[in-house]
Amino acid sequence: MITTIRGQNLLSLHDVSREAIVEVLDTAESFVEVHRRTVKKVPALKGRVVASLFFEESTRTRLSFETAAKRLSADVLSLAVASSSVKKGESLRDTIATIDALGLDAVVLRHRSSGAAEQVSRFVPHVRVINAGDGLHQHPTQGLLDAFTIRQVLAERRGITPSDTGATLFDGLHILIVGDILHSRVARSDVDAYVTLGAQVRVAAPGTLLPVDIATWPVEVVDDFDEALEWADVIGLLRLQNERGTGSFVPSLREFTTTFGLTAARARRLRPETLLMHPGPINRGVELDSVVADLPAAIIERQVSNGVPIRMAVLYLTVAGVTSEVA
Amino acid sequence: MAAVIVRNGLVVGPESATVADVLVVDGVIVAVGEGLDAPSRSREVDATGCWVGPGLVDLHTHLREPGGESAETIESGSRAAAVGGFTAVVAMPNTEPALDNVALVTYVLDQGSRALVDVAVAGAITLGRQGERLAPMAELAALGVRLFSDDGTGVQDAAVMRRALSYARPLGIRLAQHCEDTNLAAGGSMNEGALSSRLGLVGRPAAAEEIMVARDIELVRLTGAPLHFLHLSTARSLAAVGAARDEGLPVTAEVAPHHFTLDESACENYDAHYKVNPPLRSRDDVAAVRASLVNGWADAVATDHAPHAAELKDLPFDEAPAGMLGLEHAASLTFEALGSSSADPIRFFALLSRSPARIASLRHGDARVRHSGHGGAVVAGEDANLVVFDPSARWRASRDRLQSLAYNTPYDGRELEGRVRTTIVRGDVVVDEGVLA
């Protein structure tokens, strides 16, 4: 069990403790304030070098990691290779070694292969590795920012400061995760974060998009989707990942939308306070209706903007690694 | 006249074992007994405390030549075999190109005839191992090829497999199947289960293997042709083949050391050295494979020695090729699985020499394919393919001390019990004290 990510790699949320998660959320809260300043920079990682390696396409994750690193005054080396390292003719190991030769403190890695971040951490044990999404495995900063966003919105509604609440706002919170659980690294990280923080989690998906071992997950599989929508305080929709061949797991996108999509008709049954989340990019009209995505209860854009403070917190804690003022 | 006398070892026959000397002259065992007189200038091998048995026979070796010479060659693979106590190996046909015609098989047999151990060839069942059209099995059988397989994958189409069995039966050859339904196992890189799900790796379910085993048992029933099941890895596969054998169907089965030594948890850190097909299975399956060594469900231990260039095993787990080295540690791992100090030497040689020699039709020498006889009793008149195995040895496996060109052993650093001390091929001591002569 990881009790703090200070000075550690962040590869997965699977073994990260509640205290460690709360520490990241609280640290991120302190960075939100930086965002409101005219000069949106702190010197916390001045002189440190962060490489951002994206071997798979990404817009928001990459931008928010690089923005986060720059706001911490780190030097950022950015390499986007939206194709397999093998096809490029250079192995992941060699690519990492090449970049490491430039003097690295941290690597932010997105890769289509599960476990790539862990492998890189073995190639460069002296460098902190932050997993920005590996295959079907984990996307820990997405799990953290989703938890951060939920806590922030619930605290605002009560007029309290999020960092005073620890994990208490998650106690017994009803969170429903809908869609392609099987192929989703976001689902794995979200479930780990939410359950660790004390929430009750249910999942709703067609039988083909549930992992084989779902019975061993600390979640409940929903029988009646419509009933679960009423139960939920928070609904996390997942992307139907057509690029991973998910299309053949359901008879048609239309049928998926009919059975598990958040259509306008279904949205009318939601309690008004129920939060709607989506890690993006959205397939409008598939997982959720366009109208629904624009409802006030949808906090999808908030998730995006919270990506920066969460990633600042993760970079700061893993790379700086010591307790000190944020400046 | 070249003579070797192996002194004072426990000579392990098919039914009993007794301490004796074994005298070899000009490649043939000429006498077995106590206190034998040896000709002057005989080479003496002291086997006190050791087992002396027929040289080991590997039914399942990937020598990678032609096409994969950066990972292994026939020459380097035969050195690894000799160090591992093997006096004969069956080279699998999934080379580049596949061994599906007379010219290629002749090439491998020619290279093999210059190698340290006898190299037999398994021919492909279908052209290019594509699973569509039959390879020229009769022509290859005429060369002396006795075992055929599309190993790497199995023949997926049941009608093609049925045709292959029917074609093979009158030729007196044996087919060997890699049982995995490629559709069910598609994209998979480890055993399917809770661990693969947590790691985000697509799984290869046990059912992918079991379905094909069940299908092929029915095809054996339909055609009457013998079939050998390669590297079975699940309890249900082994039970199914065991039941078919009890019914009298002509089926045989091998198991691989990694499937009775390592379980799926080895994949936990995404180290591709533990990636293999069929995959490392659950703990229960590993226990069942181990049990099959003694309950008779498995006929043979075969290594599935699969060399890969080092850079390929550094790839991400899902992109890395499947397969691990096996020749140099198989004897020790089998000895351990049989209970180490309580291991039955008769069973040990049945699994690693006598049954595989019978399945591969290597029991008697065949001049056409230039191999000698293997897996026999240790008696006068037999070809002198022998191994001296020290059951009290303790040693540590190391990737830096392999004869194989490749390094992809999953056993690096592992403490092992029992060790091949001497390997004698056609009367020549090719390995002594565990090192190449």
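Residues numbered from 1 in each chain as written. Chains lettered and ligands numbered in written order. Predicted model: local features only at pLDDT ≥ 70, side-chain atom pairs only at ≥ 80, totals over all residues. Heavy atoms only, no water.

Student: Go over the overall build of chain B with me, naming the residues and quoting the values.
Tutor: Broken down by element type, chain B carries 12 helices and 19 strands. Relative to a compact globule of 437 residues, whose C-alpha radius of gyration would be 22 Å, chain B shows 20 Å and is just as compact. Judged by the C-alpha coordinates and their principal axes, chain B covers about 65 × 45 × 45 Å. Looking at the 437 residues of chain B, the share that counts as buried comes to 63%. In chain B, 73% of the contacts between residues at least 6 apart in sequence involve partners at least 24 apart. Carbon and sulfur atoms make up 49% of the accessible area of chain B, which amounts to about 14,900 Å² in all. The positive charge centre, built from 38 side chains, and the negative charge centre, built from 57, are 2 Å apart in chain B. (Helix = DSSP H or I, 4+ residues; strand = E, 2+ residues; numbered from the N terminus. Rg over C-alpha atoms; globule rule 2.2 N^0.38 Å. Buried < 20%, exposed > 50% of the residue type's maximum accessible area, 1.4 Å probe, protein only. Contact = heavy atoms within 4.5 Å. Areas by Shrake-Rupley, 256 points an atom, 1.4 Å probe, with all protein chains shown as cover. Lys, Arg positive; Asp, Glu negative; His and termini not counted. Charge placed at Lys NZ, Arg CZ, Asp CG, Glu CD.)

Student: An account of the overall build of chain A is needed here, citing residue identities and associated values.
Tutor: The helix and strand inventory of chain A stands at 12 helices and nine strands. The C-alpha radius of gyration computed for chain A amounts to 19 Å, which stays within 12% of the reference 20 Å derived for 327 residues, consistent with globular compactness. With respect to the principal axes defined by its C-alpha atoms, chain A has extents near 55 × 50 × 35 Å. The proportion of buried residues among the 327 residues of chain A is 59%. Contacts spanning at least 24 positions in sequence make up 74% of the contacts within chain A whose residues lie at least 6 apart. Carbon and sulfur atoms provide 52% of the accessible area of chain A, an area that totals close to 12,900 Å². Between the mean site of the 35 positive side-chain charges and the mean site of the 39 negative ones, chain A shows a separation of 6 Å.

Student: Just give me the short version of the sheet that holds strand β10 (residues 174-177) of chain B, but keep the residues and values in it.
Tutor: Residue and element names in this part refer to chain B. Read across the open sheet, the eight strands follow the order β6-β7-β8-β9-β10-β13-β14-β15; overall the sheet is parallel. Looking at the sheet topology across the chains shown, the edges are occupied by β6 (56-61) and β15 (300-301). Where β10 and strand β13 (residues 227-229) come together, three bridges link them in parallel fashion. Counterpart to A176 in the pairing with β13 is H228. Running at roughly 165° to strand β8 (residues 118-123), helix α2 (residues 102-113) makes contact with β7 (86-91) and β8 of the sheet. (Pairing = 2+ DSSP bridges. Axes fitted to C-alpha atoms, helices over the stretch in contact; angles between N-to-C directions.)

Student: Report on the packing of helix α1 (residues 18-36) of chain A against helix α7 (residues 185-197) of chain A, specifying residues and quantitative values.
Tutor: Residue and element names in this part refer to chain A. Two numbers describe how α1 lies on α7: the axes approach to 9 Å, and their chain directions differ by 105°. Judged on the interaxial angle alone, α7 and α1 are roughly perpendicular. Contact residues: R18, I21 and V22 in α1; A193, T196 and L197 in α7. (Parallel < 35°, antiparallel > 145°, perpendicular 65-115°, else oblique.)

Student: I'd love a proper account of the environment of Y194(A), names of residues and values included.
Tutor: All names here are of chain A. Along the chain, Y194 falls in helix α7. Overall, Y194 belongs to the buried group, its relative accessible area being 3%. With 97 residues separating them along the chain, Y194 and A97 place their C-alpha atoms 36 Å apart. Excluding residues that lie within four positions of it along the chain, Y194 makes contacts with D146, A147, I150, I175, I177, A199, V201 and M277.

Student: Before we move on, could you go through the domain arrangement of chain A and cite the residues and values that matter?
Tutor: All names here are of chain A. Taken domain by domain, chain A holds domain 1 (18-138 + 306-320) and domain 2 (140-304). Inter-centroid distance (C-alpha atoms) of domain 1 to domain 2 is 25 Å. Taken together, the contact between domain 1 and domain 2 spans 29 residues of the former and 32 residues of the latter. Where domain 1 touches domain 2, the interface holds three salt bridges. The salt bridge partner of E29 is R151, with a shortest N-O separation of 3.8 Å. The tally of links from domain 1 across to domain 2 stands at 15 residue pairs in polar contact (both at pLDDT 80 or more). (Domains from an automatic or database assignment. Salt bridge = Lys/Arg side-chain N within 4 Å of Asp/Glu carboxyl O. Polar contact = N/O pair within 3.5 Å; in protein donor to acceptor, adjacent residues only side chain to side chain.)

Student: Outline the interface of chain B and chain A, listing residues and values.
Tutor: Each side of the interface is counted separately: chain B has 19 residues, and chain A has 22 residues. At the boundary of chain B with chain A, total buried surface from both sides reaches about 1,600 Å², with 50% on carbon and sulfur atoms. On inspection of chain B and its partner chain A, the count reaches two salt bridges. For R93(A), the salt bridge identified is with D314(B), shortest N-O distance 2.8 Å. Linking chain B to chain A there are 11 residue pairs in polar contact (both at pLDDT 80 or more). The residue makeup of the side of chain B that touches chain A, split by class, is eight nonpolar, four polar and seven charged. (Buried area = accessible area lost by both parts, 1.4 Å probe. Nonpolar A, V, L, I, M, F, W, Y, C, P; charged D, E, K, R; others polar.)

Student: An account of α7(A) is needed here, citing residue identities and associated values.
Tutor: Residues and elements named next belong to chain A. Over its 13 residues, α7 runs 18 Å from end to end, which matches the ideal 18 Å to within 8%, given 1.5 Å per residue. Of all the 13 residues making up α7, 11 are buried; the element is thus mostly covered by neighbouring parts of the structure. Within α7 the residues assigned to the buried category are R185, V186, A187, R188, S189, D190, V191, D192, A193, Y194 and L197. At the N-terminal boundary of α7, the capping side chain belongs to S184, with an oxygen 3.2 Å from the backbone nitrogen of V186. (Expected span 1.5 Å × (residues − 1).)

Student: Go over the environment of D118(B) with me, naming the residues and quoting the values.
Tutor: All names here are of chain B. Relative to the elements of secondary structure, D118 occurs in strand β8. Measuring from C-alpha to C-alpha, the distance between D118 and H371 comes to 5.5 Å, with 253 residues separating the pair along the chain. Discounting chain neighbours no more than four positions away, the residues touching D118 are T87, A88, V89, R370, H371, S372, H374 and R426. Among the polar contacts listed, one links the side chain of D118 to the side chain of R426, at a separation of 2.4 Å.

Student: Describe the pattern of salt bridges, naming the residues involved and giving the relevant values.
Tutor: Opposite charge on two side chains allows them to pair when their charged atoms are near. For the structure shown, the criterion picks out 37 salt bridges over all chains. Here R215(B) makes a salt bridge to D216(B), at a shortest N to O gap of 3.0 Å. Ionic contacts of the salt-bridge type, sharing partners, join the residues D26(A), E29(A) and R151(A) into one network.

Student: Explain unusual backbone geometry to me, using residue names and the numbers behind them.
Tutor: All names here are of chain B. With an omega of 5°, the peptide bond running from E65 to P66 counts as cis. Assignment of secondary structure puts P66 in the loop between β6 and α1 (74-83). The backbone of N8 sits at a positive phi, close to 70°, despite the residue not being glycine. For N8, the location among the structural elements is in strand β1 (residues 3-12). Unlike most non-glycine residues, R41 shows phi in positive territory, near 65°. In this structure, R41 sits in the loop between β3 (28-33) and β4 (43-46).

Student: Describe the environment of R347(B), naming the residues involved and giving the relevant values.
Tutor: Residues and elements named next belong to chain B. Tracing the sequence through the fold places R347 in helix α12 (residues 345-359). Taking the C-alpha atoms as reference points, R347 and V435, separated by 88 residues in sequence, lie 25 Å from one another. Those residues in contact with R347 that sit more than four places away from it in its chain are S292, L293, V294, G296, A298 and L338.

Student: Can you lay out the sheet that holds strand β1 (residues 49-54) of chain A for me, pointing to particular residues and giving the numbers?
Tutor: Residue and element names in this part refer to chain A. The strand order across the open sheet formed by four strands is β2-β1-β3-β4, and the pairing between neighbours is parallel. Of all strands in the sheet, those bounded by a partner on one side alone are β2 (75-80) and β4 (128-134). For this sheet, the mean inter-axis angle between neighbouring strands, taken without regard to orientation, is 15°. Of the pairings in the sheet, the one linking β1 to β2 comprises six bridges and is parallel in character. Across the sheet, residue V49 finds its bridge partner in β2, namely D75. Along the sheet, helix α5 (residues 116-123) makes contact with β3 (106-111) and β4, crossing β4 at roughly 160°.

Student: So what's going on with the packing of aromatic side chains? Residues and values would help.
Tutor: This structure, assessed with the given rule, holds 10 aromatic pairs over all chains. One residue, R202(A), lies across the ring of W231(A), its end atom 4.0 Å from the ring centre. (Phe/Tyr/Trp six-rings, centres within 6.5 Å; stacked < 30°, edge-to-face > 60°. Lys NZ or Arg CZ within 6 Å of the ring centre and 35° of its normal.)

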